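Take a look at the letters that make up each chain.
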Amino acid sequence: MRKPIIAGNWKLNGTIAEAQALIAELKALVRDSNNVDIVVCPPFTALSTVASAVTSSSIQLGAQDIFFRQKGAYTGQISGPMLLDCGCKYAIMGHSERRGRFGVPEPDLTEEILQVFGDNDKTVNLKLRAALFNGLTPICCVGEVLAERESGKTDAIVQAQVTGALDGVSADEAATIVFAYEPVWAIGTGKVCAADEADRVCGIIRATVAGLAGDTAAQAVRIQYGGSVKPDNAADLLGRPNIDGALVGGASLKASDFAAIVKAAE
Ligand code: 13P
(Lines give C-alpha, C1' and ligand atoms only; values in the text may rest on other atoms or scores of the structure.)
Protein backbone atom coordinates (compact mmCIF):
# COMPACT_ATOMS: atom_id res chain seq x y z
CA MET A 1 0.00 0.00 0.00
CA ARG A 2 1.56 3.29 -1.10
CA LYS A 3 1.32 6.22 1.31
CA PRO A 4 -0.41 9.21 -0.33
CA ILE A 5 1.75 12.28 -0.82
CA ILE A 6 0.35 15.78 -1.19
CA ALA A 7 2.90 18.45 -2.07
CA GLY A 8 2.39 22.20 -2.39
CA ASN A 9 4.55 23.96 -4.96
CA TRP A 10 4.43 27.60 -3.94
CA LYS A 11 6.33 28.65 -7.09
CA LEU A 12 7.34 32.34 -7.23
CA ASN A 13 5.13 33.38 -4.32
CA GLY A 14 5.77 34.52 -0.81
CA THR A 15 7.92 36.85 1.19
CA ILE A 16 9.32 35.42 4.41
CA ALA A 17 6.49 37.03 6.36
CA GLU A 18 3.88 35.57 3.99
CA ALA A 19 5.48 32.13 4.18
CA GLN A 20 5.41 32.30 7.98
CA ALA A 21 1.74 33.20 8.01
CA LEU A 22 0.80 30.48 5.50
CA ILE A 23 2.71 27.71 7.28
CA ALA A 24 1.33 28.70 10.69
CA GLU A 25 -2.23 28.45 9.37
CA LEU A 26 -1.54 25.18 7.56
CA LYS A 27 0.10 23.54 10.60
CA ALA A 28 -3.03 24.10 12.66
CA LEU A 29 -5.29 22.68 9.94
CA VAL A 30 -3.37 19.44 9.23
CA ARG A 31 -2.33 18.65 12.81
CA ASP A 32 -4.22 15.34 12.84
CA SER A 33 -3.38 14.14 9.32
CA ASN A 34 -0.89 11.35 9.97
CA ASN A 35 -1.38 8.87 7.15
CA VAL A 36 -0.48 11.27 4.34
CA ASP A 37 2.96 12.67 3.51
CA ILE A 38 2.50 16.45 3.47
CA VAL A 39 5.21 18.47 1.72
CA VAL A 40 5.54 22.19 1.13
CA CYS A 41 7.98 23.62 -1.43
CA PRO A 42 8.46 27.34 -0.75
CA PRO A 43 10.87 29.55 -2.70
CA PHE A 44 14.54 29.02 -1.74
CA THR A 45 14.51 32.31 0.19
CA ALA A 46 11.86 31.03 2.62
CA LEU A 47 13.18 27.46 3.11
CA SER A 48 14.97 28.12 6.42
CA THR A 49 12.05 30.03 7.87
CA VAL A 50 9.56 27.33 6.93
CA ALA A 51 11.95 24.60 8.16
CA SER A 52 11.95 26.18 11.64
CA ALA A 53 8.18 26.51 11.58
CA VAL A 54 7.51 22.84 10.70
CA THR A 55 9.87 21.19 13.21
CA SER A 56 7.06 20.26 15.60
CA SER A 57 4.68 19.06 12.88
CA SER A 58 4.41 16.27 10.30
CA ILE A 59 4.82 18.75 7.43
CA GLN A 60 7.98 18.09 5.41
CA LEU A 61 10.02 20.48 3.36
CA GLY A 62 10.91 20.36 -0.34
CA ALA A 63 12.74 22.60 -2.79
CA GLN A 64 11.43 23.66 -6.19
CA ASP A 65 14.66 22.76 -7.98
CA ILE A 66 18.16 21.42 -7.35
CA PHE A 67 21.44 21.89 -9.20
CA PHE A 68 23.48 18.83 -10.19
CA ARG A 69 26.86 19.88 -8.81
CA GLN A 70 27.67 19.83 -5.10
CA LYS A 71 29.58 23.15 -5.03
CA GLY A 72 31.78 25.35 -7.14
CA ALA A 73 31.68 28.17 -9.65
CA TYR A 74 27.98 27.94 -10.63
CA THR A 75 26.57 31.39 -9.95
CA GLY A 76 22.98 31.43 -8.79
CA GLN A 77 22.60 27.67 -8.35
CA ILE A 78 21.52 25.79 -5.21
CA SER A 79 22.96 22.33 -4.51
CA GLY A 80 21.76 19.20 -2.71
CA PRO A 81 23.97 19.79 0.36
CA MET A 82 22.57 23.33 0.63
CA LEU A 83 19.01 21.99 0.50
CA LEU A 84 19.79 19.42 3.20
CA ASP A 85 21.33 22.21 5.26
CA CYS A 86 17.98 24.07 5.03
CA GLY A 87 16.06 21.01 6.22
CA CYS A 88 14.74 19.75 2.86
CA LYS A 89 13.71 16.13 2.40
CA TYR A 90 12.41 16.46 -1.18
CA ALA A 91 13.45 18.27 -4.35
CA ILE A 92 11.31 18.91 -7.42
CA MET A 93 12.96 18.65 -10.83
CA GLY A 94 11.68 18.79 -14.39
CA HIS A 95 8.73 21.05 -13.68
CA SER A 96 7.36 22.27 -17.01
CA GLU A 97 7.95 25.85 -15.89
CA ARG A 98 11.65 24.99 -15.55
CA ARG A 99 11.63 23.25 -18.92
CA GLY A 100 10.28 26.48 -20.47
CA ARG A 101 6.95 24.81 -21.31
CA PHE A 102 3.97 26.90 -20.23
CA GLY A 103 0.26 26.09 -20.30
CA VAL A 104 -0.80 29.73 -20.40
CA PRO A 105 1.03 31.44 -23.28
CA GLU A 106 3.12 34.46 -22.28
CA PRO A 107 3.72 36.23 -25.61
CA ASP A 108 6.63 38.31 -24.29
CA LEU A 109 8.52 35.08 -23.47
CA THR A 110 10.10 34.52 -26.90
CA GLU A 111 12.07 31.37 -27.81
CA GLU A 112 15.25 33.25 -27.03
CA ILE A 113 14.05 34.19 -23.55
CA LEU A 114 12.55 30.76 -22.81
CA GLN A 115 16.06 29.31 -22.83
CA VAL A 116 16.61 30.87 -19.42
CA PHE A 117 14.28 28.19 -18.00
CA GLY A 118 16.53 25.67 -19.71
CA ASP A 119 15.79 22.19 -18.34
CA ASN A 120 15.62 19.19 -20.66
CA ASP A 121 15.49 15.41 -20.15
CA LYS A 122 19.28 15.28 -19.71
CA THR A 123 19.48 17.99 -17.01
CA VAL A 124 16.41 16.54 -15.29
CA ASN A 125 18.24 13.21 -15.09
CA LEU A 126 21.33 14.91 -13.62
CA LYS A 127 19.17 16.74 -11.08
CA LEU A 128 17.28 13.57 -10.14
CA ARG A 129 20.54 11.69 -9.60
CA ALA A 130 21.93 14.62 -7.57
CA ALA A 131 18.85 14.45 -5.33
CA LEU A 132 19.27 10.68 -4.83
CA PHE A 133 23.02 11.07 -4.20
CA ASN A 134 22.24 13.53 -1.40
CA GLY A 135 19.45 11.45 0.13
CA LEU A 136 16.68 13.78 -1.04
CA THR A 137 13.51 12.26 -2.46
CA PRO A 138 13.03 13.43 -6.07
CA ILE A 139 9.65 14.71 -7.20
CA CYS A 140 10.17 14.38 -10.93
CA CYS A 141 7.62 16.16 -13.15
CA VAL A 142 6.59 14.97 -16.59
CA GLY A 143 3.77 15.96 -18.92
CA GLU A 144 2.73 17.03 -22.39
CA VAL A 145 1.80 20.45 -23.78
CA LEU A 146 -1.56 20.91 -25.50
CA ALA A 147 -0.18 20.58 -29.05
CA GLU A 148 1.42 17.24 -28.11
CA ARG A 149 -1.86 15.98 -26.63
CA GLU A 150 -3.87 17.11 -29.66
CA SER A 151 -1.49 15.31 -32.00
CA GLY A 152 -1.72 12.06 -30.03
CA LYS A 153 1.80 12.24 -28.61
CA THR A 154 0.97 12.25 -24.88
CA ASP A 155 2.02 8.69 -24.12
CA ALA A 156 5.24 8.91 -26.13
CA ILE A 157 6.24 12.21 -24.49
CA VAL A 158 5.61 10.92 -20.98
CA GLN A 159 7.42 7.64 -21.69
CA ALA A 160 10.43 9.53 -23.09
CA GLN A 161 10.56 11.91 -20.12
CA VAL A 162 10.37 9.05 -17.59
CA THR A 163 12.97 7.04 -19.52
CA GLY A 164 15.31 10.03 -19.66
CA ALA A 165 14.84 10.74 -15.95
CA LEU A 166 15.71 7.15 -14.94
CA ASP A 167 18.91 6.85 -16.97
CA GLY A 168 21.61 5.38 -14.70
CA VAL A 169 19.19 4.97 -11.74
CA SER A 170 19.11 1.57 -9.97
CA ALA A 171 15.87 -0.33 -9.32
CA ASP A 172 16.21 0.28 -5.56
CA GLU A 173 16.65 4.01 -6.15
CA ALA A 174 13.79 4.12 -8.67
CA ALA A 175 11.44 2.67 -6.04
CA THR A 176 11.93 5.77 -3.84
CA ILE A 177 11.10 8.36 -6.50
CA VAL A 178 7.90 10.38 -6.68
CA PHE A 179 6.75 11.15 -10.21
CA ALA A 180 4.28 13.93 -10.90
CA TYR A 181 2.16 13.76 -14.04
CA GLU A 182 1.45 17.38 -14.85
CA PRO A 183 -0.24 17.94 -18.22
CA VAL A 184 1.09 21.40 -19.03
CA TRP A 185 -2.26 22.59 -20.43
CA ALA A 186 -3.86 21.92 -17.02
CA ILE A 187 -1.39 23.98 -14.99
CA GLY A 188 -2.82 27.24 -13.71
CA THR A 189 -5.65 27.11 -16.25
CA GLY A 190 -8.48 25.67 -14.15
CA LYS A 191 -8.79 22.94 -16.84
CA VAL A 192 -8.18 19.83 -14.75
CA CYS A 193 -7.45 16.59 -16.62
CA ALA A 194 -10.38 14.16 -16.34
CA ALA A 195 -9.63 11.69 -13.55
CA ASP A 196 -9.91 8.62 -15.81
CA GLU A 197 -7.41 10.08 -18.25
CA ALA A 198 -5.03 11.27 -15.50
CA ASP A 199 -5.15 7.76 -14.04
CA ARG A 200 -4.49 6.23 -17.46
CA VAL A 201 -1.36 8.36 -18.01
CA CYS A 202 -0.15 7.70 -14.45
CA GLY A 203 -0.53 4.00 -15.38
CA ILE A 204 1.72 4.61 -18.41
CA ILE A 205 4.31 6.13 -16.07
CA ARG A 206 4.10 3.07 -13.80
CA ALA A 207 4.39 0.69 -16.75
CA THR A 208 7.43 2.62 -18.01
CA VAL A 209 9.08 2.30 -14.58
CA ALA A 210 8.24 -1.43 -14.63
CA GLY A 211 9.92 -1.83 -18.02
CA LEU A 212 13.06 -0.04 -16.87
CA ALA A 213 13.38 -0.98 -13.19
CA GLY A 214 11.08 -3.96 -12.67
CA ASP A 215 7.70 -4.59 -11.07
CA THR A 216 8.79 -4.14 -7.46
CA ALA A 217 10.04 -0.62 -8.15
CA ALA A 218 6.95 0.17 -10.25
CA GLN A 219 4.60 -0.89 -7.46
CA ALA A 220 6.55 1.18 -4.91
CA VAL A 221 6.87 4.36 -6.96
CA ARG A 222 4.41 7.05 -5.98
CA ILE A 223 2.78 9.03 -8.78
CA GLN A 224 1.09 12.37 -8.23
CA TYR A 225 -1.25 14.22 -10.53
CA GLY A 226 -0.77 17.98 -10.83
CA GLY A 227 -2.66 20.66 -12.75
CA SER A 228 -5.58 22.68 -11.34
CA VAL A 229 -6.08 20.36 -8.35
CA LYS A 230 -8.66 21.99 -6.05
CA PRO A 231 -10.65 20.86 -3.02
CA ASP A 232 -13.65 20.05 -5.25
CA ASN A 233 -11.82 17.74 -7.69
CA ALA A 234 -9.20 16.19 -5.39
CA ALA A 235 -11.22 13.24 -4.09
CA ASP A 236 -12.13 12.08 -7.61
CA LEU A 237 -8.48 12.19 -8.75
CA LEU A 238 -7.04 10.70 -5.58
CA GLY A 239 -9.52 7.82 -5.62
CA ARG A 240 -7.94 6.35 -8.79
CA PRO A 241 -5.67 3.30 -8.57
CA ASN A 242 -2.59 4.83 -10.19
CA ILE A 243 -2.81 8.28 -8.56
CA ASP A 244 -1.01 8.34 -5.20
CA GLY A 245 -1.11 12.05 -4.49
CA ALA A 246 -1.17 15.55 -5.88
CA LEU A 247 1.30 18.28 -6.70
CA VAL A 248 -0.65 21.43 -6.02
CA GLY A 249 0.19 24.92 -7.26
CA GLY A 250 -2.34 27.73 -6.80
CA ALA A 251 -4.47 25.94 -4.19
CA SER A 252 -1.39 25.35 -2.00
CA LEU A 253 -1.19 29.10 -1.36
CA LYS A 254 -4.48 29.01 0.55
CA ALA A 255 -4.10 26.98 3.75
CA SER A 256 -7.76 25.92 3.91
CA ASP A 257 -7.74 24.68 0.28
CA PHE A 258 -4.46 22.79 0.68
CA ALA A 259 -5.68 21.24 3.95
CA ALA A 260 -8.91 20.16 2.23
CA ILE A 261 -6.84 18.39 -0.47
CA VAL A 262 -4.79 16.67 2.25
CA LYS A 263 -8.06 15.51 3.87
CA ALA A 264 -9.25 14.17 0.52
CA ALA A 265 -6.13 11.98 0.38
CA GLU A 266 -6.76 10.44 3.81
P1 13P B 1 -1.80 24.62 -10.39
O2 13P B 1 -2.29 23.74 -9.27
O3 13P B 1 -1.77 26.07 -10.05
O4 13P B 1 -2.47 24.30 -11.67
O5 13P B 1 -0.23 24.23 -10.60
C6 13P B 1 0.13 22.89 -10.70
C7 13P B 1 1.60 22.80 -10.66
O8 13P B 1 2.27 23.21 -11.58
C9 13P B 1 2.22 22.22 -9.47
O10 13P B 1 3.58 22.00 -9.65
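For the structure, see preceding data.
The shown structure was predicted, so the numbers you read here are calculated from the model rather than taken from an experiment.

Rules behind the numbers
- Residues numbered from 1 in each chain as written.
- Predicted model: local features only at pLDDT ≥ 70, side-chain atom pairs only at ≥ 80, totals over all residues.
- Heavy atoms only, no water.
- Core = buried A, V, L, I, M, F, W, Y, C linked by side-chain atoms within 4.5 Å.
- Buried < 20%, exposed > 50% of the residue type's maximum accessible area, 1.4 Å probe, protein only.
- Helix = DSSP H or I, 4+ residues; strand = E, 2+ residues; numbered from the N terminus.
- Salt bridge = Lys/Arg side-chain N within 4 Å of Asp/Glu carboxyl O.
- Polar contact = N/O pair within 3.5 Å; in protein donor to acceptor, adjacent residues only side chain to side chain.
- Contact = heavy atoms within 4.5 Å.
- Near = heavy atom within 4 Å.
- Areas by Shrake-Rupley, 256 points an atom, 1.4 Å probe, with all protein chains shown as cover.
- Nonpolar A, V, L, I, M, F, W, Y, C, P; charged D, E, K, R; others polar.
- Axes fitted to C-alpha atoms, helices over the stretch in contact; angles between N-to-C directions.
- Parallel < 35°, antiparallel > 145°, perpendicular 65-115°, else oblique.
- Left-handed = near helix turned anticlockwise from the far one by under 90°.
- Pairing = 2+ DSSP bridges.
- Right-handed = clockwise from strand over helix to strand, strands pointing away.
- Disulfide = S-S within 2.5 Å.

**Notes on the nonpolar core**
Ranked by internal contacts, the top residues of the largest apolar core, which has 69 residues, are Ile6, Leu26, Val40, Val50, Phe179, Val209 and Tyr225. Broken down by element, the residue count for this core peaks at seven residues, all from helix H9 (residues 195-213).

**Considering the pattern of salt bridges**
According to the stated counting rule, one finds 16 salt bridges in the structure shown. A salt bridge links Asp65 to Lys127; its shortest N-O distance comes to 3.0 Å. Within this pair, whereas Asp65 is found in the loop between strand E3 (59-63) and helix H3 (80-85), its partner Lys127 is found in helix H5 (residues 121-133), the two being separated by 62 residues in sequence. With respect to burial, Asp65 and Lys127 carry one shared label: buried.

**Considering the side chain of Asn242**
Tracing the backbone shows Asn242 in the loop between helix H11 (231-238) and strand E8 (245-248). With relative accessibility at 18%, the residue Asn242 sits in the buried group. Side chain to side chain, Asn242 and Arg206 meet in a polar contact 2.7 Å long. Sequence-distant contacts of Asn242, that is, excluding residues within four places in its chain, are made with Asp199, Cys202, Gly203, Arg206 and Ile223.

**What to know about the site of the ligand**
Neighbouring residues of the ligand: Asn9, Lys11, His95, Glu182, Ala186, Ile187, Gly188, Gly227, Ser228, Leu247, Gly249 and Gly250. In this structure, an oxygen atom belonging to the ligand sits 2.9 Å away from a main-chain N or O atom of Gly249. Within the contact set of the ligand, an oxygen atom lies 2.8 Å away from a backbone nitrogen or oxygen of Gly250. Bound to the protein, the ligand loses 96% of the 310 Å² it would expose on its own. Tallied by class, residues from the shell around the ligand come to three nonpolar, seven polar and two charged.

**Here's the deal with the packing of helix H7 (residues 154-165) against H9**
Relative orientation of the contacting elements H7 and H9 amounts to 40°, with a least axis distance of 10 Å. By the criterion of interaxial angle, the relationship of H7 to H9 is oblique. Crossing of H7 against H9: the hand is right-handed. On the side of H7, the interface is formed by Thr154, Asp155, Val158, Gln159, Val162 and Thr163, while H9 contributes Arg200, Val201, Ile204, Ile205, Thr208, Val209 and Leu212.

**A few points about the sheet that holds strand E4 (residues 90-93)**
Strand-to-strand pairing in sheets goes through backbone hydrogen bonds, with the strands running parallel or antiparallel. Spatial strand order, E1-E2-E3-E4-E5-E6-E7-E8: eight strands in a closed barrel with parallel pairing. Each strand axis lies, on average, 25° off the axis of its neighbour in the sheet, ignoring direction. Relative to E4, E3 runs parallel, the two sharing two bridges. Counterpart to Ala63 in the pairing with E4 is Ala91. Contacts from H9 reach strand E5 (137-142), strand E6 (178-181) and strand E7 (222-226) within the one sheet, and its direction differs from that of E6 by about 145°.

**Things to note about the pairing of E3**
Extensive coverage of E3 is indicated by the burial of five of its five residues. Of the two faces of E3, the one holding Ile59, Leu61 and Ala63 and the one holding Gln60 and Gly62 are both buried throughout. Bridging between strand E2 (residues 37-41) and E3 involves three bridges; their strand directions are parallel. Bridge assignment links Val40 to a residue of E3, and that residue is Leu61. For the segment spanning E2, helix H2 (residues 47-53) and E3, crossover handedness is right-handed.

**Side note on the state of the cysteines**
Summed over all chains, the structure comprises zero disulfides. Between Cys41, a cysteine without a disulfide, and Cys88, which holds the nearest cysteine sulfur, the sulfur-to-sulfur distance is 7.7 Å. Note on Cys41: relative accessible area 0%, which makes it buried.

None of this, on its own, says anything about what the molecule does.
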